[in-house]
Amino acid sequence: MQLLSLLSYLPIIAFVDFVDSFPIMTVNGNGKHVLNRVTPDQVALEIKDPVDPTALEQAKAIFGELRNESGKVVGEKLLQVAKRLGDIPEDGASYLVSKEVCKKAFDDLSDQDRTALTNIHVRVLAFATMQRSSVVDKEMDIPGGKAGQTVRPCGAAGCYAPGGRYPLPSSVIMTAVTARAAGCETVVLASPKPAPITLAAAYLSGADHFLCVGGAQAIASMAYGIVDSDVPRCDVMCGPGNKWVTAAKSIVNGHCGIDMLAGPSEVLVICDDTANPEIVAADLIAQAEHDVVARAILLSTSDAIIEQVDENVSKQIEALPEPNRSTALEALKQSFAVKCESLEQCIAISDDIAPEHLEIQTRDAMKVGEACNNYGGLFIGEHAAEVLGDYGAGPNHTLPTGGTGRYTGGLSVFNFLRVRTWMRVDNAAASQTMVNDSIIMARLEGLEGHARAAETRSVTQTPAFKKPRM
């Protein structure tokens, strides 16, 4: 396979657009395959900047418009920008939604909707709590004393939930609940034009502040805090968003922590001749309806399965309502299927792609999944639908995209935790091995000041600055 080596690159990676690059075979009634056909050696990758340059300039301009001399966001300016960009109605009086309004939205849900939302909350919280309990304070002996680590949460978390094409209350739960489970004292949530179900999710998740703004203005507000309000400067920023959100997160990265610079959503399905074509097709469509730039990828050892999946995609997509159908059809233009010679070849291509979502629908799916190394989230077996992960099986659905699964994982309590180390020396005599090693190493590195600082702790050597000049 002629796959571009990714080892020396850290930017986000995206697939080359296959629409015009490869021939499309014709077999279906509509005159072509829905999924483009690509051979293993045609799976090329290109390195792309995750941040859209135009969106970056626009985000910078919004930041400049919002912030005062001290660097904080001015509430009055935020309201003006939010109205201009359509986050808030022209007659809107505030960029904040009260807890009382969120509670009413929760109380007004039907019993069925409230139960489903609560069940998702319970499962996500249980998984995040399990994660939190896996990292604890520890200490060990060192010569003459002790060394250890402490695990403490950040003070304030900023959580973003998209509110564009579809309301995403699931993203509210995934971000805010995870921050709470980590132990963050304050959780700030932002989502533009929030639907009642989004407000209900915010109440259930225990958000302290709800900003009904989106885009770069939301990220700036959470990263720098808002003047004359209780909205604090957040220590960590998380959550998926559009290109302006991504651009804004790139600007504040360093001033505060961010989870990732997320790109278009993607799913990759590895299947053999035992897979159910109807189920595989449904999973590909589910991903494609996210966005016109989403990608659905099929790797299979069976030509017959690929053909059957394609036929099912064609049938199922026609039955979708709008705008889901048009969105999915556009996304499928950059989606593709690859016939592989073996499952080993499927795994190798998948590892090079490092997809956001990886589904395994094969014989002995667990064994195949364990052989895969690079992905955001793994879904093993026919019944482990990726959409179950979207809606709260437990693990977080905010996952690395664009190949970044090679070196990072999805959102978790660890994004909100600080693992800090400490050391203490109680017995100076017993610490002399470390002291002497430090003196020698400092002089090997040419750092004489370091060596002399270590010598002040020596019980056998006189520091150089105390020795008489010759």
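Values in this document were obtained by computation on a predicted structure and should not be read as measured data. (Residues numbered from 1 in each chain as written. Predicted model: local features only at pLDDT ≥ 70, side-chain atom pairs only at ≥ 80, totals over all residues. Heavy atoms only, no water.)

Participant: Looking at this structure, I do not really get the environment of Ser302. What am I missing?
Facilitator: Here Ser302 shows up in the loop between strand S13 (295-300) and helix H10 (303-318). The exposure class of Ser302 is buried, given its relative accessible area of 11%. In this structure the C-alpha to C-alpha distance between Ser302 and Asp273, which are 29 residues apart in sequence, comes to 5.6 Å. When residues no more than four places from it in sequence are discounted, the contact partners of Ser302 are Asp272, Asp273 and Lys339. Reaching out from Ser302, the side chain makes a polar contact with the backbone nitrogen of Ala304 at a distance of 3.4 Å. (Helix = DSSP H or I, 4+ residues; strand = E, 2+ residues; numbered from the N terminus. Buried < 20%, exposed > 50% of the residue type's maximum accessible area, 1.4 Å probe, protein only. Contact = heavy atoms within 4.5 Å. Polar contact = N/O pair within 3.5 Å; in protein donor to acceptor, adjacent residues only side chain to side chain.)

Participant: Looking at this model, I keep getting lost on the nonpolar core. Mind explaining?
Facilitator: Buried together is how nonpolar side chains tend to be arranged in soluble globular proteins. If you look at the biggest cluster of nonpolar residues, it comprises 76 residues, and the most contacted ones within it are Leu211, Met222 and Phe416. The greatest single-element share of this core, amounting to 8 residues, is contributed by helix H5 (residues 169-182). Residues within four places of Phe416 in sequence aside, it is in contact with Arg152, Pro153, Cys154, Ala157, Thr175, Thr178, Ala179, Ala182, Cys184, Val236, Cys238 and Leu411. (Core = buried A, V, L, I, M, F, W, Y, C linked by side-chain atoms within 4.5 Å.)

Participant: Explain the sheet that holds strand S5 (residues 138-142) to me, please; I cannot follow it from the model alone.
Facilitator: Sheets are built from strands paired through backbone hydrogen bonds, the pairs being either parallel or antiparallel. Strands sit in the order S5-S6-S17 across an open sheet of 3 strands; the sheet is antiparallel. Looking at the sheet topology across the chains shown, the edges are occupied by S5 and strand S17 (417-425). In this sheet, neighbouring strand axes are inclined to one another by 20 degrees on average, regardless of whether the strands run parallel or antiparallel. Bridge count for strand S6 (residues 145-153) against S17 is 9 bridges, and the pairing is antiparallel. Across the sheet, residue Arg152 finds its bridge partner in S17, namely Arg418. (Pairing = 2+ DSSP bridges. Axes fitted to C-alpha atoms, helices over the stretch in contact; angles between N-to-C directions.)

Participant: What is the right way to look at the environment of Ala116 in this model?
Facilitator: Structurally, the position occupied by Ala116 is in helix H4 (residues 111-133). Expressed as a C-alpha distance, the spacing of Ala116 and Ala93, which sit 23 residues apart in the sequence, is 32 Å.

Participant: Is there a simple way to think about the pattern of salt bridges in this case?
Facilitator: In this structure the tally under the stated criterion is 23 salt bridges. Note that Arg363 is salt-bridged to Asp273, the shortest N-O span being 2.9 Å. One end of the pair, Arg363, is in the loop between strand S15 (357-361) and helix H13 (365-371); the other, Asp273, is in the loop between strand S12 (266-271) and helix H9 (277-288), with 90 residues separating them in the sequence. Given the relative accessible area of 51%, Arg363 is considered exposed. Judged by its relative accessible area of 46%, Asp273 is partly exposed. (Salt bridge = Lys/Arg side-chain N within 4 Å of Asp/Glu carboxyl O.)

Participant: Could you clarify how one ought to interpret the side chain of Ser335 in this entry?
Facilitator: Structurally, Ser335 is set in the loop between helix H11 (324-332) and strand S14 (336-339). Separated by 2.9 Å, the side chain of Ser335 and the backbone nitrogen of Ala296 make a polar contact. What Ser335 contacts, discounting residues up to four positions off in sequence, is Leu35, Asn36, Ala294, Arg295 and Ala296.

Participant: Could you clarify how one ought to interpret the side chain of Gln131 in this entry?
Facilitator: Looking at the secondary structure, you find Gln131 in helix H4. The exposure class of Gln131 is buried, given its relative accessible area of 15%. Excluding residues within four positions of it along the chain, Gln131 makes contact with Ser412, Val413 and Phe414.

Participant: What is the right way to read the environment of Gly206 from this model?
Facilitator: In this structure, Gly206 sits in the loop between helix H6 (196-205) and strand S9 (209-211). According to the relative accessible area criterion, Gly206 is partly exposed, its value standing at 28%. A C-alpha to C-alpha distance of 14 Å links Gly206 and Ser171, two positions 35 residues apart in sequence.

Participant: Please explain the packing of helix H15 (residues 432-444) against helix H16 (residues 448-455) as it appears in this structure.
Facilitator: Two numbers describe a pair of packed helices, the interaxial angle and the distance between the axes. At a closest axis distance of 7 Å, the pairing of H15 and H16 adopts a crossing angle of 165 degrees. For the element pair H15 / H16, the angle class is roughly antiparallel. Pair H15 / H16 crosses with left-handed handedness. Judged by residue contacts, Val435, Ser438, Ile439, Ala442 and Arg443 of H15 engage Glu448, His450, Ala451, Arg452, Ala454 and Glu455 from H16. Tallied by class, residues from the contact of H15 with H16 come to 5 nonpolar, 2 polar and 4 charged. (Parallel < 35°, antiparallel > 145°, perpendicular 65-115°, else oblique. Left-handed = near helix turned anticlockwise from the far one by under 90°. Nonpolar A, V, L, I, M, F, W, Y, C, P; charged D, E, K, R; others polar.)

Participant: Is there a simple way to think about the pairing of strand S7 (residues 156-160) in this case?
Facilitator: Each regular strand shows side chains that alternate between the opposite faces of the sheet. Counting buried positions over the 5 residues of S7 gives 5, a clear majority of the element. Because side chains alternate across S7, one face comprises the buried residues Ala156, Gly158 and Tyr160, and the other comprises Ala157 and Cys159, equally buried. Sheet topology note: the S7/strand S8 (residues 186-190) ladder contains 5 bridges and is parallel. Within the sheet, the bridge partner assigned to Ala156 lies in S8 and is Thr186. Here S7 pairs with strand S10 (residues 236-238) via 3 bridges, running parallel. In the sheet register, Gly158 faces S10, and the bridge partner there is Met237.

Participant: How should a nonpolar patch on the surface be read in this particular structure?
Facilitator: Side chains of Ile440, Met441 and Leu444 sit close together on the surface and give an oily, nonpolar patch of about 330 Å² of accessible area. What makes Leu444 exposed here is its relative accessible area of 65%. (Patch = residues over 30% accessible without salt bridge, like charges linked within 9 Å, V, L, I, M, F, W, Y side chains within 5 Å. Areas by Shrake-Rupley, 256 points an atom, 1.4 Å probe, with all protein chains shown as cover.)

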